[in-house]
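# Residue-level structural notes
Take a look at the letters that make up each chain.
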Amino acid sequence: MKKQNYELKNERIKKAFQKMKDEHPERLENRLNLSWSNWGFGLESLEESIKRLKHAGINYIELHGNHYGDDLGYQTDKTLEILHKYEIEVSGVCGMFSAENDLSSNIPGKRQAAIDYIKREIDFARAVNGDYLLVVPGAVGRPNAYDDTEFERSVETLASLGELFLEKGIKAAIEPVRAAEVSFVHTVREAKTYIEAVNHKGIRHINGDIYHMQSEEAHIGEAILEAGDQLVNLHLADSNRGALGKGFIDIDTIIMSLYLIGFNQAGKYVTPEPLGPGGDPYPAMNAKPDKKKLDFLVNQSATYFREREQELLSR
């Protein structure tokens with residue numbers, strides 16, 4: 001029987017991975033760095049969240065970018081104390097962009113709010129030794145465009161922060177998000193176009209998300225290959241935006257694609273973010289945590305990911 005198109009693409013990635021495994025086994029020596037994005041944990045203390053991750057064998061955390069004002073968000077000294085206590089490192093900071101701090105807004109004050117917010121998060125990321133700050137070019141939860149020039153406004157606003165990203169040594173990781181949640185930049189290719197338009201060496205990286213990719217990309221594995229060296233972090237969730245292994249996402253092809261682009265190195269992270277289905281996930285950050293559910297999400301995802309990675313590497 002003739003294979004379907006996606007099967008042919010899967011097969012090409014599998015063959016390339018096997019060839020690398022046979023000819024360059026040294027490229028498989030390091031494992032992928034498993035992190036976790038904690039903003040979906042809602043109103044839970046940072047120490048409780050970190051304790052859960054450590055128990056599941058996760059050694060990195062992507063911290064909620066919750067510095068929405070000068071007096072809000074994680075305190076640096078306390079954060080470092082907790083990180084040190086549990087021997088957890090920060091992969092990066094998950095920037096949160098709503099209509100109130102929208103890089104593309106047609107209201108200047110909202111763009112200024114985005115600039116101020118990014119400055120606070122860059123400083124925080126640097127202080128806690130993070131590698132990147134996730135940046136969404138337009139507000140999440142706003143799928144309809146303001147007008148025909150929101151792309152240009154976003155580019156101009158973010159470009160003004162390029163030197164600060166360079167100075168602080170923090171990577172600006174542009175995240176493509178599905179069309180149900182944002183009005184522009186939905187694919188890896190569109191993220192690259194956006195980065196090229198910004199045209200600043202301080203803003204060169206991409207944050208992928210396989211939940212968004214399954215809606216917007218022709219093939220998730222090929223999208224990862226296209227992102228290549230620019231990919232700094234990959235958010236993970238299964239097809240139902242739930243725990244890994246509880247849907248029909250082909251995690252094996254994703255893992256093989258990551259190894260093919262040399263993602264198993266310092267400063268590159270795979271980061272589960274199972275938020276559940278829906279058009280606007282932001283309410284999750286203010287929800288009362290269901291600790292049993294969160295324990296399951298973390299343990300199931302971490303265990304399944306490592307099992308599939310080991311299976312691929314041991315064949």
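Residues numbered from 1 in each chain as written. Predicted model: local features only at pLDDT ≥ 70, side-chain atom pairs only at ≥ 80, totals over all residues. Heavy atoms only, no water.

### Some points on the overall build of the protein chain
Our working definition: Secondary structure elements follow DSSP: runs of H or I no shorter than four residues count as helices, runs of E no shorter than two count as strands, and numbering proceeds from the N terminus. Atoms counted for the radius of gyration: C-alpha only. Globule rule: 2.2 Å times residue count to the power 0.38. Burial classes: relative accessible area under 20% of the type maximum marks a residue as buried, over 50% as exposed, and values in between as partly exposed (1.4 Å probe, protein chains only). Throughout, a residue-residue contact means that at least one pair of heavy atoms, one from each residue, lies within 4.5 Å. For every accessible area listed, the method is Shrake-Rupley and the probe measures 1.4 Å; residues are considered covered only by the protein chains on display.
Helices and strands together make up the secondary structure of the protein chain, namely 11 helices and seven strands. In terms of C-alpha radius of gyration, the protein chain reaches 19 Å, essentially the compact-globule figure of 20 Å for 315 residues. Here the protein chain holds 315 residues, and 55% of them are scored as buried. Partitioning the intrachain contacts of the protein chain with sequence separation of at least 6 by distance along the chain shows that 82% fall at a separation of at least 24. Accessible surface, the protein chain as shown: approximately 14100 Å² in total, 48% of it carbon and sulfur.

### So, the nonpolar core
Just so we agree on the cut-off: Definition used in this section: a nonpolar core is a set of buried Ala, Val, Leu, Ile, Met, Phe, Trp, Tyr and Cys residues joined via side-chain atoms within 4.5 Å.
If you look at the biggest cluster of nonpolar residues, it comprises 88 residues, and the most contacted ones within it are Ile-118, Leu-158, Phe-165 and Leu-258. Apart from residues lying up to four places away in sequence, Leu-258 is in contact with Leu-32, Ile-224, Leu-231, Leu-234, Phe-263 and Val-270. By size, the runner-up hydrophobic cluster in this structure holds five residues, among which are Tyr-60, Tyr-132, Val-232 and Tyr-269.

### Describing the pattern of salt bridges
Oppositely charged side chains are able to pair whenever their charged atoms sit close together. Formally: A side-chain nitrogen of Lys or Arg and a carboxyl oxygen of Asp or Glu constitute a salt bridge if their distance falls within 4 Å.
Considering all chains together, one arrives at 20 salt bridges under this definition. Lys-78 serves as the salt-bridge partner of Glu-81, at 3.6 Å between the closest nitrogen and oxygen. Separated by three residues within a single helix, Glu-81 and Lys-78 lie in helix α3 (residues 76–86), roughly one turn from each other. Measuring nitrogen to oxygen at the nearest pair gives 3.2 Å for the salt bridge that ties Asp-102 to Arg-142. Of the two residues, Asp-102 is situated in the loop between β2 (89–94) and α4 (108–127) and Arg-142 in the loop between β3 (132–135) and α5 (150–159); the sequence distance between them amounts to 40 residues. Like Arg-142, Asp-102 is buried.

### Details of the UniProt feature "domain: Xylose isomerase-like TIM barrel" (unreviewed entry) in the protein chain
This is how it is decided: UniProt positions are given in the numbering used here, feature names are shortened, and annotations may be inferred rather than shown by experiment.
On the UniProt side, "domain: Xylose isomerase-like TIM barrel" (unreviewed entry) is annotated at positions that read residues 51–264 here. Here residues 51–264 is 42% helix and 14% strand, with 25 Å between the C-alpha atoms at its ends.

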